[in-house]
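Below are the chains, spelled out letter by letter.
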Amino acid sequence: MPDPIGWTLLGNGPVRWAVALTVFALAAASGWVLVQLVQRRVLSIAQGTSLELEDLVVALLRRTKGLFIALVALRLAAGTLELTDSVRTGIESVLVIGFLVQVGFWGAAVVAHLLDRYRRRQIGVDPGAATAIGALSFIRSEEHTSELQSRLHLVCRLLLEKK
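Residues numbered from 1 in each chain as written. Predicted model: local features only at pLDDT ≥ 70, side-chain atom pairs only at ≥ 80, totals over all residues. Heavy atoms only, no water.

Caption draft 1: Structural detail: the confidence of the model for the chain. In the predicted model, the chain carries a mean pLDDT of 77, and 70% of its residues have values of at least 70. The secondary-structure element of the chain with the lowest mean pLDDT is helix α6 (residues 145-162), recorded at 54, while helix α3 (residues 66-78) shows the highest, at 91. When the criterion is pLDDT under 50, residues 142-149 qualifies, and its contacts beyond four places in sequence or with other chains add up to eight contacts. (pLDDT = per-residue confidence, 0-100. Helix = DSSP H or I, 4+ residues; strand = E, 2+ residues; numbered from the N terminus. Contact = heavy atoms within 4.5 Å.)

This is the structure in structure tokens:
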């Protein structure tokens, strides 16, 4: 499509960039909405059952990062542009790295889920082991980092005051 103003970036005119931006915005918004809808649906199913699979799926969906959704949208938008092989390779490399990081977040959710499941099963059999597993899951939790630091300081302060 000829460019009426003669402006190009990476060999693409403003019309192509507008199409790519639109595809990116629609794909990112659709991806985010899809994750939210599936998460809510699975959560409503999980509340009515005792199956742990639904709990795991909800945990995985909660760990799906917006950056990952944006990277997938970027890949879709890049398909509307005429790009050099080196630029396409760069985009693919960033997408692979983003996917590996996302897999790491999902893996952490699986480990947390398995630790929690083991802890719940061990409470009746060995309360000491269940407490130790609970402490491990508390330490690994990224959401509780500041709480862990404040509790650690409180414990240290209490121990020092007793001496």
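Caption draft 2: Structural context of the side chain of H113. With respect to the secondary-structure elements, H113 resides in helix α4 (residues 85-125). The contacts of H113, once residues within four sequence positions are left out, are E52, D55 and L56.

Caption draft 3: Layout of the nonpolar core. Grouped together as the largest cluster of nonpolar side chains are six residues: A20, A77, A78, L81, L83 and I91. Other than its neighbours up to four places away in sequence, A78 contacts L83, R88 and I91. (Core = buried A, V, L, I, M, F, W, Y, C linked by side-chain atoms within 4.5 Å. Buried < 20%, exposed > 50% of the residue type's maximum accessible area, 1.4 Å probe, protein only.)

Caption draft 4: Representation of the packing of helix α1 (residues 14-47) against helix α2 (residues 52-62). It is the contact of α1 with α2, at a shortest axis distance of 9 Å, that shows an interaxial angle of 155°. The orientation of α1 with respect to α2, classified from their angle, is roughly antiparallel. Crossing angle aside, the handedness with which α1 passes α2 is left-handed. Where α1 abuts α2, its residues V35, V38, Q39, V42, L43, I45 and A46 lie against E54, D55, V57, V58, L61 and R62. Of the residues assigned to the contact of α1 with α2, the class counts are nine nonpolar, one polar and three charged. (Axes fitted to C-alpha atoms, helices over the stretch in contact; angles between N-to-C directions. Parallel < 35°, antiparallel > 145°, perpendicular 65-115°, else oblique. Left-handed = near helix turned anticlockwise from the far one by under 90°. Nonpolar A, V, L, I, M, F, W, Y, C, P; charged D, E, K, R; others polar.)

Caption draft 5: Structural detail: the pattern of salt bridges. Summed over all chains, the structure comprises two salt bridges. Notably, a salt bridge pairs R16 with E82, separated by 2.8 Å at the nearest N-O pair. Residue R16 is located in helix α1, and its partner E82 is located in the loop between α3 and α4; the two are separated by 66 residues in the primary sequence. Take R16: its relative accessible area is 31%, and that puts it in the partly exposed class. For R75, the salt bridge goes to E92, with nearest N and O atoms at 2.4 Å. In this pair, R75 is assigned in helix α3 and E92 in helix α4, connecting sequence segments 17 residues apart. Among the residues examined, E92 registers a relative accessible area of 32% and is labelled partly exposed. (Salt bridge = Lys/Arg side-chain N within 4 Å of Asp/Glu carboxyl O.)

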